[in-house]
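Observations on chain architecture
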Amino acid sequence: MKLSIYLLSLWILFVYLDLPGKTTEPQESSFDSFIKQINVLEKKKRYAEAHASVIAAWDRFPGKRFELLKEQEYLNMKRQLYAENLKVWKKGHELGFFFLLHPGIKKYAPYLQFRAFSKLVKRDTQLRQAALSKTQTLFSIKLPDTFDPERAYPLFIVLHGG
């Protein structure tokens, strides 16, 4: 009995005190840590350094290629390197990604000067339409445990895009 109380006391100490080896926050993925580092550079307006880090991380995070391309897009826009984003989008299209490019969206106004932009918009639309033709709209209905079909209830709708 004393041994189990002693072990329980040690466990409580380990759990509730900040002992070496004890983490107070859940472990995060290395990609999440990487993005946090990129965000720090962005807040300091060190866009070129952040961009170089994103480029260098391409092979390190093969499952996050779309996110890395979007970071490149953002960093190029911040530095007004618009022609570079034409290459980013082309690379993304080659990988099957679309970016919702549209000439009527204000943030894309600087790209209207490039002939290649209209071709990229067309390809982006094709990729988006192909993806939409294969998708399903998923929904779920949650009813209260005490649901009574004879009673009126408020309707709560949650929409999530993506």
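See the structure printed just above.
A short tour of the structure in this document, coming up.

Procedures and definitions
- Residues numbered from 1 in each chain as written.
- Predicted model: local features only at pLDDT ≥ 70, side-chain atom pairs only at ≥ 80, totals over all residues.
- Heavy atoms only, no water.
- Helix = DSSP H or I, 4+ residues; strand = E, 2+ residues; numbered from the N terminus.
- Contact = heavy atoms within 4.5 Å.
- Areas by Shrake-Rupley, 256 points an atom, 1.4 Å probe, with all protein chains shown as cover.
- Buried < 20%, exposed > 50% of the residue type's maximum accessible area, 1.4 Å probe, protein only.
- Polar contact = N/O pair within 3.5 Å; in protein donor to acceptor, adjacent residues only side chain to side chain.
- 1 Å grid on protein atoms, 1.4 Å probe; cavity = no way out; pocket = protein on both sides within 12 Å on 5 of 7 lines; lining within 4 Å.
- Points joined across faces, edges and corners; volume = space filled by probe spheres on them.
- Salt bridge = Lys/Arg side-chain N within 4 Å of Asp/Glu carboxyl O.
- Patch = residues over 30% accessible without salt bridge, like charges linked within 9 Å, V, L, I, M, F, W, Y side chains within 5 Å.
- Arc of directions from axis to C-beta.

Before going further, it helps to spend a moment on the overall build of the protein. Looking only at helices and strands, one finds 6 helices and 0 strands in the protein. Secondary structure elements in the protein, listed N-terminal to C-terminal, are α-α-α-α-α-α. Sequence-distant contacts, at least 24 apart, represent 49% of the contacts inside the protein between residues at least 6 apart. Carbon and sulfur atoms form 59% of the exposed surface of the protein, whose accessible area is close to 12,900 Å².

With that settled, the discussion passes to the side chain of E73. Looking at the element boundaries, E73 is found in helix α4 (residues 65-78). Here E73 falls in the buried class, since its relative accessible area comes to 2%. Only 2.9 Å separates the side chain of E73 from the side chain of W89, close enough to count as a polar contact. Beyond its immediate stretch of four places on either side in the chain, E73 contacts N85, V88, W89 and Y108.

One number sums up the size of the largest pocket: a volume of about 400 Å³. If you trace the largest pocket, you find 13 residues lining it, with S140, I141, K142, L155 and F156 closest to the centre.

This part covers unusual backbone geometry. Positive phi values are uncommon outside glycine, yet K45 reaches one of about 60°. Mapped onto the elements, K45 comes out in the loop between α2 (30-43) and α3 (47-56). With a relative accessible area of 62%, K45 lands in the exposed category. Look at L100: it is not a glycine, yet its phi comes out positive at around 60°. By the secondary structure assignment, L100 is in the loop between α5 (82-94) and α6 (115-134).

This paragraph deals with the pattern of salt bridges. Counted according to the given criterion, the structure contains 5 salt bridges. The salt bridge partner of D59 is R65, with a shortest N-O separation of 3.7 Å. Classification of D59 by relative accessible area gives exposed; the value is 65%.

A word on a nonpolar patch on the surface. Taken together, F139, I141, L143 and F147 make up a surface patch of nonpolar side chains, about 480 Å² in accessible area. Checked against the element boundaries, F147 lands in the segment after α6.

So, about α3. All of the buried residues in α3 are Y47, A50, H51 and V54. The buried residues of α3 all sit within an arc of 100° when viewed along its axis, so they share a single face. The elements touched by buried residues of α3 are α2 and α4.

Keep in mind these values describe shape, not function.
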